[in-house]
Amino acid sequence: MTDLQTRVTPLRAPLPRRAARAVAAYAAVRALGLLVLTVWSAARGRSAYTLLTARWDSLWYTRVAELGYGYEVRLPNGDVHSNLAFFPLLPWLERLLHAVAPLSYADAGFVVALSASLAAAAGIYAVADHVHGDRVGVCAVLVWAVLPVGIVQSMAYSESLFTALAAWSLYAVLTGRWVGAGLLAALAGLTRPVGAAVVAAVWVAAVISFVRERSTRDADGVRCGEQAPAREKSARAGRELTPSGALNTARAPRATEVPPLAAGADTPCAAGALSCTPGAHITPHAPVWRRALGMALAPLGAAGYVLWVGHRTGEGPLGYLDVQAGWRNGFDGGYAFARFVADKFTSFPSALAGTGLIVGVALLIWLYVTGVRERQPVELLVYTGVVLALALCASSYFGSKPRLLMPAFPVLLPLARALARPRTSRSVLVVGGLAAAAAVYGAFWLNGSGPP
């Protein structure tokens, strides 16, 4: 062996090609759910398509798309349910599709939901693949697909659209695409009130990047992890010296490209990263103005709609809170939810449901803490924490909480890692069983109480 060697680094397939397997598997799980729902509904003399497109919140969205804002329902107890509570991006897309294609508003909502669910699956894969690798990425998509309330992903609701925008915004942050992250966060903010979670993730990650960049400058003014000029020149030529002096003939990765995972490593050190500590989750460098622009763009969607509602209602910046109060929605730190759970223990049958709720909340907390211990990227932890807090600490519509938690997909990463450990055949059996159970439960749920 000589000191001068040629080391070839294997190149990963492009992200769309890697994500295709995960999206195809997701589509198969969702197709099973829709098939079971169709058969179940037909046996009960009901239309599965109506359940998916013309009930509950779906009707509110289509009314906004068709008639605009201003519709409200006054209940006998004095509550006022205004359609101003529903953010505008989904109705805008329904209106657009209705205008350019021979689709009703309900049909358009269904098309948007199906398309967005595929985009969400791809985004979840991209995030999980970036943090833990391809196998965990595929498993993360499948775990999200087989959630008990996964049928909502195929309904004309905004959960799938929001999850798609949130996942791709988080991926953009992880890979240093700050302007794209800000734009996607702004769109997420036009989709659901929980868009604040995406904004928080973008802002916290950007602030941390500024702090790290400043604190890691060495005496020569070169950031930790940057290439020296000679190495940059050789990398641009596609040939880079290894630490031993050997030539690396592999193509140098772009600044936002994730190199292959080293054996035993959970997370790569991206080129141009702030540091290269093994196991650390790093966001690549970007010019200061791009990070600042991403931060400026991120809150525009949510803030713009909330301020518009306040202007329309004449109640000022807090007018949207009054609209939500008409629906008896608010943030009370979880007090009302705790009372709801406690009331379940007043009789034996309902005590089982109360126990299930406590176990479910405990599982979510445990998964979140596990993510912290596994050193998930801070942007994922911030996003997930805000989604969990807003869903669990809202003061009304307790039956909605499972679907409101659906966008918190990073909390599923520890489960995805566990699913990725066994042999593929064993993992397939587990996913198949969970998919069948989720399909049956989804059909039972929509033909029963369904989403409130």
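Residues numbered from 1 in each chain as written. Predicted model: local features only at pLDDT ≥ 70, side-chain atom pairs only at ≥ 80, totals over all residues. Heavy atoms only, no water.

Trainee: So what exactly am I meant to see when it comes to the packing of helix H1 (residues 15-43) against helix H5 (residues 105-132) here?
Mentor: The angle between the axes and the distance between the axes are what describe a pair of packed helices. With their axes 9 Å apart at the nearest point, H1 and H5 run at an angle of 125° to one another. If you check the angle between H1 and H5, you find them oblique. Helix-helix and strand crossings are classified by hand; for H1 and H5 the assignment is right-handed. Here H1 contributes Leu15, Arg18, Ala19, Ala22, Val23, Tyr26 and Ala27 to the contact with H5, which in turn contributes Ser117, Leu118, Ala121, Ala122, Tyr125, Ala126 and Asp129. When the residues that make up the contact of H1 with H5 are grouped by side-chain class, the tally is 11 nonpolar, 1 polar and 2 charged. (Axes fitted to C-alpha atoms, helices over the stretch in contact; angles between N-to-C directions. Helix = DSSP H or I, 4+ residues; strand = E, 2+ residues; numbered from the N terminus. Parallel < 35°, antiparallel > 145°, perpendicular 65-115°, else oblique. Left-handed = near helix turned anticlockwise from the far one by under 90°. Contact = heavy atoms within 4.5 Å. Nonpolar A, V, L, I, M, F, W, Y, C, P; charged D, E, K, R; others polar.)

Trainee: Honestly, the pattern of salt bridges in this entry has me stumped. Any pointers?
Mentor: In a structure, side chains of opposite charge can pair up when their charged atoms sit close to one another. In the structure shown here, the tally under the stated rule is 10 salt bridges. Here arginine 18 and aspartate 129 are joined by a salt bridge, their closest N and O atoms 2.8 Å apart. Highlighted residues: arginine 18 in helix H1 and aspartate 129 in helix H5, separated in sequence by 111 residues. An identical accessibility class is assigned to arginine 18 and aspartate 129; each is buried. As a salt-bridge pair, glutamate 159 and arginine 403 come within 2.6 Å of each other at their nearest N and O atoms. Of this pair, glutamate 159 sits in helix H7 (residues 159-174) while arginine 403 is found in helix H17 (residues 401-404), placing the two residues 244 residues apart along the sequence. A single burial state applies to glutamate 159 and to arginine 403, both of which are buried. Sharing partners across several salt bridges, the network here consists of Asp57, Glu159, Arg192 and Arg403. (Salt bridge = Lys/Arg side-chain N within 4 Å of Asp/Glu carboxyl O. Buried < 20%, exposed > 50% of the residue type's maximum accessible area, 1.4 Å probe, protein only.)

Trainee: Looking at this model, I keep getting lost on the packing of helix H8 (residues 178-189) against helix H9 (residues 195-215). Mind explaining?
Mentor: In contact at an axis separation of 7 Å, H8 and H9 are set at 155° when each is read in the N-to-C sense. Classified by the angle between their axes, H8 and H9 sit roughly antiparallel to one another. In this structure, H8 meets H9 at a crossing whose hand is left-handed. In this structure, H8 contributes Trp178, Ala181, Ala185, Ala188 and Gly189 to the contact, and H9 contributes Gly195, Val198, Val202, Ala205, Ala206 and Ser209. Of the residues that constitute the contact of H8 with H9, the class distribution is 8 nonpolar, 3 polar and no charged.

Trainee: Whenever I open this one, the side chain of aspartate 57 confuses me. Can you help?
Mentor: Summarising the element assignment, aspartate 57 is placed in helix H3 (residues 57-67). Its relative accessible area of 12% is what places aspartate 57 among the buried residues. Within the structure, the side chain of aspartate 57 is placed 3.2 Å from the side chain of arginine 403, a separation counted as a polar contact. Setting aside anything within four residues of it in sequence, one finds aspartate 57 in contact with Phe86, Tyr157, Arg403 and Pro452. (Polar contact = N/O pair within 3.5 Å; in protein donor to acceptor, adjacent residues only side chain to side chain.)

Trainee: Hey, could you run me through the nonpolar core in this one?
Mentor: A general trend in soluble globular proteins is that nonpolar side chains are found buried together. Counting residues in hydrophobic clusters, the biggest one holds 106 residues, and the most contacted among them are Leu37, Trp144, Tyr305, Tyr383, Phe409 and Leu446. No other element matches the 12 residues that H5 contributes to this core. Residues in contact with tyrosine 383, not counting those within four places in the same chain, are Phe162, Ala166, Leu170, Ala197, Val198, Ala201, Pro407, Ala408, Phe409 and Pro410. (Core = buried A, V, L, I, M, F, W, Y, C linked by side-chain atoms within 4.5 Å.)

Trainee: What should I look at first to understand the packing of aromatic side chains in this one?
Mentor: For any pair of aromatic rings, the description consists of the separation of the ring centres together with the inter-plane angle of the planes. Applying the stated rule across the entire model yields 18 aromatic pairs. Taken together, a centroid distance of 5.0 Å and an interplanar angle of 65° make the contact between tryptophan 60 and tryptophan 327 edge-to-face. In this pair, tryptophan 60 is assigned in helix H3 and tryptophan 327 in the loop between helix H13 (319-326) and helix H14 (335-343), connecting sequence segments 267 residues apart. This pair shows no difference in class: tryptophan 60 is buried, exactly as tryptophan 327 is. (Phe/Tyr/Trp six-rings, centres within 6.5 Å; stacked < 30°, edge-to-face > 60°.)

Trainee: Can you help me understand H3 in this one?
Mentor: A turn of α-helix holds 3.6 residues, and therefore any two residues three or four places apart point the same way. Buried within H3 we find Asp57, Ser58, Trp60, Tyr61, Thr62, Val64 and Ala65. Taken together, the buried residues of H3 touch helix H2 (48-53), strand S2 (72-74), strand S3 (80-82), helix H4 (89-100), H5 and H17. Immediately downstream of H3, the backbone of glycine 68 shows phi near 80°, a positive value.

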